[in-house]
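Each chain is listed here by its residues.
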Amino acid sequence: RLPQTFRVDVIREDGDSLEFDMVGIDAAIANAFRRILLAEVPTMAVEKVFVYNNTSIVQDEILAHRLGLIPIRADPRLFEYRNQGDQEGTEIDTLQFQLKIKCRRNPQAAKESSDPDELYFNHKVYSKHMTWVPLGNQTDLFPDADFRPVHDDILIALLRPGQEIDVLMHCVKGIGKDHAKFSPVATASYRLLPDITLLEPIEDEAAETLQRCFSPGVIEIQNIKGKKVARVANARLDTFSREVFRHEGLKNLVRLARVRNHYIFSVESTGILPPDVLVSEAIKILMGKCQRFLNELDSVPME
């Protein structure tokens, strides 16, 4: 059981980034949580690429690899995992995308121009050119769905006149443990809260030197009775550069430590799901693991 002091504080939520504190938790739980976010929260990604035509200079294998790494905006909770032996996907476990594009010359281009953007049409293949092709009754299953790549401007290949790409893609549900393309986060990390203690009053020139040793906002200088006095304003902003220990006059006046059970988590989503949803999904997976372990314990006969 977690101690009663356990709490979660959301510090900053900004689009695809989330910073929150987990206070009063064990290191093993914090690390399990981080690893689940990286490798066990499922997403949809391109798994099979059927190449009908590819006359670009990008080889089929490289093209398939690049397509696999494009994050797809599709809620994985709407889909089932695909069975290992299944060659054909169904509407409940597969999303189908098509990429069909051909480069041609622009007849209106100025003769002296050397700019490819003027000379050619469709010479840059972007993720926006991927279109969703509904399978089975998916149009009825997902009437309001907008399945597409998270970003429209991911460059896939460059073409020249006469070159074309015609591929069909199958997206399936998977986890980062199987392949990094299924990882729902760009980064998921934590650090311990810094704890900075000034052992003696630090004044005037020494205070200004101390302020320069830390990241902006960590140390502030107050004016007390005509003297400049340093105080710790926000230890959270410190990056632990240890610059203060290079100064003989200051190194014995400051103690740097970390709060042992206060974890600052940073989660940056790839855009497939919002970071707060990823966090709640990771908690559910961790709870499921704990429940499974308890069930296993119950099923083992005791001596």
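What counts, and where the lines are drawn
- Residues numbered from 1 in each chain as written.
- Predicted model: local features only at pLDDT ≥ 70, side-chain atom pairs only at ≥ 80, totals over all residues.
- Heavy atoms only, no water.
- Pairing = 2+ DSSP bridges.
- Helix = DSSP H or I, 4+ residues; strand = E, 2+ residues; numbered from the N terminus.
- UniProt positions renumbered as here; feature names shortened; annotations may be inferred.
- Phe/Tyr/Trp six-rings, centres within 6.5 Å; stacked < 30°, edge-to-face > 60°.
- Buried < 20%, exposed > 50% of the residue type's maximum accessible area, 1.4 Å probe, protein only.
- Contact = heavy atoms within 4.5 Å.
- Core = buried A, V, L, I, M, F, W, Y, C linked by side-chain atoms within 4.5 Å.
- Salt bridge = Lys/Arg side-chain N within 4 Å of Asp/Glu carboxyl O.
- Patch = residues over 30% accessible without salt bridge, like charges linked within 9 Å, V, L, I, M, F, W, Y side chains within 5 Å.
- Areas by Shrake-Rupley, 256 points an atom, 1.4 Å probe, with all protein chains shown as cover.
- Lys, Arg positive; Asp, Glu negative; His and termini not counted.
- Charge placed at Lys NZ, Arg CZ, Asp CG, Glu CD.
- Arc of directions from axis to C-beta.

One open sheet holds the four strands; their spatial order is E3-E12-E5-E9, and the pairing between them is antiparallel. The open sheet terminates on both sides in strands that have one partner only, identified here as strand E3 (43-54) and strand E9 (131-132).

Quick look at the UniProt feature "domain: DNA-directed RNA polymerase RpoA/D/Rpb3-type" (unreviewed entry) in the protein now. Mapped onto the present numbering, the UniProt feature "domain: DNA-directed RNA polymerase RpoA/D/Rpb3-type" (unreviewed entry) falls at residues 17-296. Annotated as 22% helix and 35% strand, the span residues 17-296 places its first and last C-alpha atoms 37 Å apart.

Our next topic: the packing of aromatic side chains. This model, assessed by the stated rule, comprises nine aromatic pairs. Ring centres 5.3 Å apart and planes at 90 degrees place the aromatic pair Tyr-190 and Tyr-263 in the edge-to-face group. In this pair, Tyr-190 is assigned in strand E13 (residues 185-198) and Tyr-263 in strand E16 (residues 254-269), connecting sequence segments 73 residues apart. Ring plane angle 50 degrees and centroid distance 5.3 Å describe the contact between Tyr-190 and Phe-265, whose orientation is recorded as tilted. Taken together, the residues Tyr-190 in strand E13 and Phe-265 in strand E16 connect sequence positions 75 residues apart. Given the relative accessible area of 27%, Tyr-190 is considered partly exposed. For Phe-265, a relative accessible area of 1% puts it in the buried group. A network of ring pairs unites the aromatic residues Phe-20, Phe-33, Tyr-190, Tyr-263 and Phe-265 as a single cluster.

The next subject is the side chain of Gln-163. As for its position among the elements, Gln-163 is in the loop between strand E11 (155-158) and strand E12 (164-174). Excluding residues within four positions of it along the chain, Gln-163 makes contact with Thr-55, Ser-56, Ile-57, Lys-102, Cys-103 and Leu-158.

Here the focus is the environment of Ala-257. Inspection of the secondary structure puts Ala-257 in strand E16. On the basis of relative accessible area, Ala-257 is assigned to the partly exposed category, the value being 27%. The residues contacting Ala-257, other than those within four sequence positions of it, are Leu-193, Pro-194, Asp-195 and Phe-240.

Before going further, it helps to examine the nonpolar core. Where a protein is soluble and globular, its nonpolar side chains tend to be buried together. Leu-67, Leu-99, Met-130, Ile-156 and Ile-165 are the most contacted members of the largest nonpolar core, which totals 26 residues. When residues of this core are traced back to their parent elements, those giving at least two are E3, helix H2 (60-68), strand E5 (95-102), E11 and E12. Non-local contacts of Ile-165, meaning those with residues more than four positions away in its chain, are made with Asn-53, Asn-54, Ser-56, Leu-63, Leu-99, Lys-100, Ile-101, Val-125, Ala-157 and Leu-159. Core analysis: the second largest hydrophobic core is formed by 23 residues, Phe-33, Ile-36, Val-41 and Val-185 among them.

Attention now moves to the pattern of salt bridges. Tallied over the entire structure, the rule returns 17 salt bridges. A salt bridge links Asp-21 to Arg-236, with the nearest nitrogen and oxygen atoms 2.7 Å apart. With Asp-21 in strand E2 (residues 17-23) and Arg-236 in the loop between strand E15 (227-232) and E16, this residue pair connects regions lying 215 residues apart in the sequence. Of the residues examined, Arg-236 reaches a relative accessible area of 14% and is grouped as buried. Glu-40 is the partner of Lys-289 in a salt bridge, and the nearest nitrogen-oxygen pair spans 2.9 Å. Taken as a pair, Lys-289 in helix H6 (residues 275-299) and Glu-40 in the loop between helix H1 (27-39) and E3 lie far apart in primary sequence, 249 residues in all. The class of Glu-40 is buried, set by a relative accessible area of 18%. One salt-bridge network, in which partners are shared between bridges, spans Arg-12, Glu-19, Asp-21 and Arg-236.

What follows deals with the environment of Val-51. By the secondary structure assignment, Val-51 is in strand E3. Relative accessible area serves as the criterion here: at 32%, Val-51 is assigned to the partly exposed category. Taking the C-alpha atoms as reference, Val-51 lies 8.7 Å from Ala-64; in sequence the two are 13 residues apart.

Moving on, we come to a nonpolar patch on the surface. Judged by side-chain polarity, Phe-293, Leu-294 and Leu-297 come together as a nonpolar surface patch covering roughly 310 Å² of accessible area. Among the structural elements, Leu-294 can be located in helix H6. Classification of Leu-294 as partly exposed rests on a relative accessible area of 44%.

Moving on: the pairing of E5. As judged from the eight bridges shared by E5 and E12, these two strands associate in the antiparallel manner. Bridging across to E12, Leu-95 finds its partner in Cys-171.

Let's shift gears to a negative patch on the surface. A surface patch of like charges, here negative, comprises Glu-13, Asp-14, Asp-16, Glu-268 and Asp-276. One can find Asp-16 in the loop between strand E1 (7-14) and E2. Among the residues examined, Asp-16 registers a relative accessible area of 34% and is labelled partly exposed.

Taken as a whole, H2 has its buried residues at Leu-63, Leu-67 and Gly-68. Buried residues of H2, viewed axially, fall in a sector of 135 degrees; they line one side. Buried-residue contacts for H2 involve E3, E5, E11 and E12.

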